[in-house]
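What follows is the residue order along each chain.
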Amino acid sequence: MKGKDFLSVADLSSEGVSQLIERAYKMKRGKGERPLEGKEFALLFEKPSLRTRVSFEVGIRQLGGTCTYLSQQDVGLGVREPEADIARVLDRWVDGIIARVFSHRSLELLAKYCDIPVVNALSDLEHPCQAMGDLLTIQEHKGRLSDLNVAFVGDGNNVAASLALACASVGANFTLASPEDYQIPAPVLDEAKSRAARSESRIDWVSEPNEAAQDADVLYTDTWISMGQEDEKAERIAIFGNYKIDEELAKAAKSDFLFMHDMPAYRGQELSEGMIDHPNSVVFDQAENRMHAQKAVLAAIYSD
Ligand code: NVA
């Protein structure tokens, strides 16, 4: 991964995903390497962020680097200036770009027009850093990643896409329960299925949440309305009405299931009021682990 971009989980080999989680696990418990000493980063965010922004800023500082946060108001990605110009200008000053964008294409353009690494801090297509933090959380709670059943209930969105790729890489079974028209995009699904074939795991789609939840080790959900889809809010609330994780659905899962959500969480929509504070909920460990996983990503890119 040295010197490379991280736009998709698929930018890592399956083995690379396992190695990254091992690295994150060790770094979380380690003595504090500083591979980013003297390195400067641009955090280019077109959309709001709590976890991603703070976890990158704090993580970069802990690794010895510094960063400058740039909002869409500051930069006007693709509006005030084209990605190609922004990339070539930042390339002259900083050692890496960490970008949260509406369109995955913007990330590809940034990566194309600069020589420094670009890291995906969420696009419409993927959220790879989230998936790395999620695997670290599952590893910590379950002691393994293979032979687990991960059920994602809701929209086959960016979080689901990266998690499917991540699960397939490490041998965990992944089942999405979603309305038929809200599945993971075909190119991502094809890659996930080919990884799953190699790791002897399964990637499945079902329309019934209860079917996905049967014997699940992990019950995962995310908002029905991702950033940028606000105009579809009413329609999505109607379509996704049954795709909620609540205490009743959780009865179908294994008794020691983990409840996971990348947050922000909309209680009463994709999850019941009680799930965040359910005894099996690990959502705040997930949030914490974003930082550890991202530190491992940056260490893998920048270590000698
Ligand atoms: N799917 C959500 C994730 C938020 C962290 C979104 O894209 O808005």
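Preceding this paragraph is the structure being described.
What counts and how
Residues numbered from 1 in each chain as written. Predicted model: local features only at pLDDT ≥ 70, side-chain atom pairs only at ≥ 80, totals over all residues. Heavy atoms only, no water. Axes fitted to C-alpha atoms, helices over the stretch in contact; angles between N-to-C directions. Helix = DSSP H or I, 4+ residues; strand = E, 2+ residues; numbered from the N terminus. Parallel < 35°, antiparallel > 145°, perpendicular 65-115°, else oblique. Left-handed = near helix turned anticlockwise from the far one by under 90°. Contact = heavy atoms within 4.5 Å. Nonpolar A, V, L, I, M, F, W, Y, C, P; charged D, E, K, R; others polar. 1 Å grid on protein atoms, 1.4 Å probe; cavity = no way out; pocket = protein on both sides within 12 Å on 5 of 7 lines; lining within 4 Å. Points joined across faces, edges and corners; volume = space filled by probe spheres on them. Near = heavy atom within 4 Å. Polar contact = N/O pair within 3.5 Å; in protein donor to acceptor, adjacent residues only side chain to side chain. Areas by Shrake-Rupley, 256 points an atom, 1.4 Å probe, with all protein chains shown as cover. Sits in = over half its atoms within 2 Å of the grid points. Expected span 1.5 Å × (residues − 1). Buried < 20%, exposed > 50% of the residue type's maximum accessible area, 1.4 Å probe, protein only. Arc of directions from axis to C-beta. Pairing = 2+ DSSP bridges.

Caption draft 1: Focus on the packing of helix 4 (residues 83-90) against helix 5 (residues 104-113). Between helix 4 and helix 5, whose axes approach to 8 Å, the crossing angle comes to 45°. Of the possible angle classes, the one that applies to helix 4 and helix 5 is oblique. Where helix 4 crosses over helix 5, the handedness of that crossing is right-handed. Contacts from E83, A84, I86, A87 and R88 of helix 4 reach helix 5 at S106, L109, L110 and Y113. Each residue belonging to the contact of helix 4 with helix 5 can be placed in one class, and the counts come to six nonpolar, one polar and two charged.

Caption draft 2: Quick look at the layout of surface pockets. By volume, the largest pocket is sized at about 430 Å³. In terms of lining, the largest pocket is formed by 25 residues, of which the most central are T223, M227, M263, P264 and Y266. Of all the elements in the fold, those that place two or more residues in the lining of the largest pocket are helix 2 (51-62) and helix 7 (158-170). Here the residues of the lining of the largest pocket sort into nine nonpolar, eight polar and eight charged.

Caption draft 3: The arrangement of the site of the ligand in detail. Around the ligand, a shell composed of L122, N157, N158, V159, D222, T223, S226, M227, D262 and M263 is seen. Between a nitrogen atom of the ligand and a side-chain N or O atom of S226, the distance comes to 2.8 Å. M227 is positioned with one of its backbone polar atoms (N or O) 2.8 Å from an oxygen atom of the ligand. Here the ligand, which alone exposes 270 Å², has 95% of that area covered by the protein. Most atoms of the ligand, that is more than half of them, are within 2 Å of grid points of the largest pocket. Its residues assigned to classes, the shell around the ligand comprises four nonpolar, four polar and two charged.

Caption draft 4: The arrangement of helix 1 (residues 14-29) in detail. In a regular helix each residue adds 1.5 Å, so 16 residues correspond to 22 Å; helix 1 covers 24 Å between its end C-alpha atoms and thus fits that length. Those residues of helix 1 not exposed but buried are S14, G16, V17, L20, I21, A24 and M27. Taken end-on, helix 1 shows its buried residues confined to a sector of 155°, consistent with a single buried face. With respect to the buried face of helix 1, the exposed residues turned more than 90 degrees away are E15 and K26. The inward-facing, buried residues of helix 1 abut helix 6 (128-142), helix 7, helix 8 (186-199) and helix 12 (283-302).

Caption draft 5: Just the sheet that holds strand 1 (residues 40-45), in detail. Here we have four strands laid out as an open sheet, ordered 2-1-3-4, and parallel in their pairing. This sheet does not close on itself; its edge strands, each paired only once, are strand 2 (66-71) and strand 4 (118-120). For this sheet the average axis-to-axis angle between neighbouring strands, irrespective of direction, equals 20°. Strand direction decides the pairing type here: strand 1 and strand 2, joined by six bridges, are parallel. The residue bridging L43 from the neighbouring strand is Y69, located in strand 2. Sitting on the sheet, helix 5 touches strand 1, strand 3 (96-100) and strand 4, and the angle it makes with strand 4 is about 165°.

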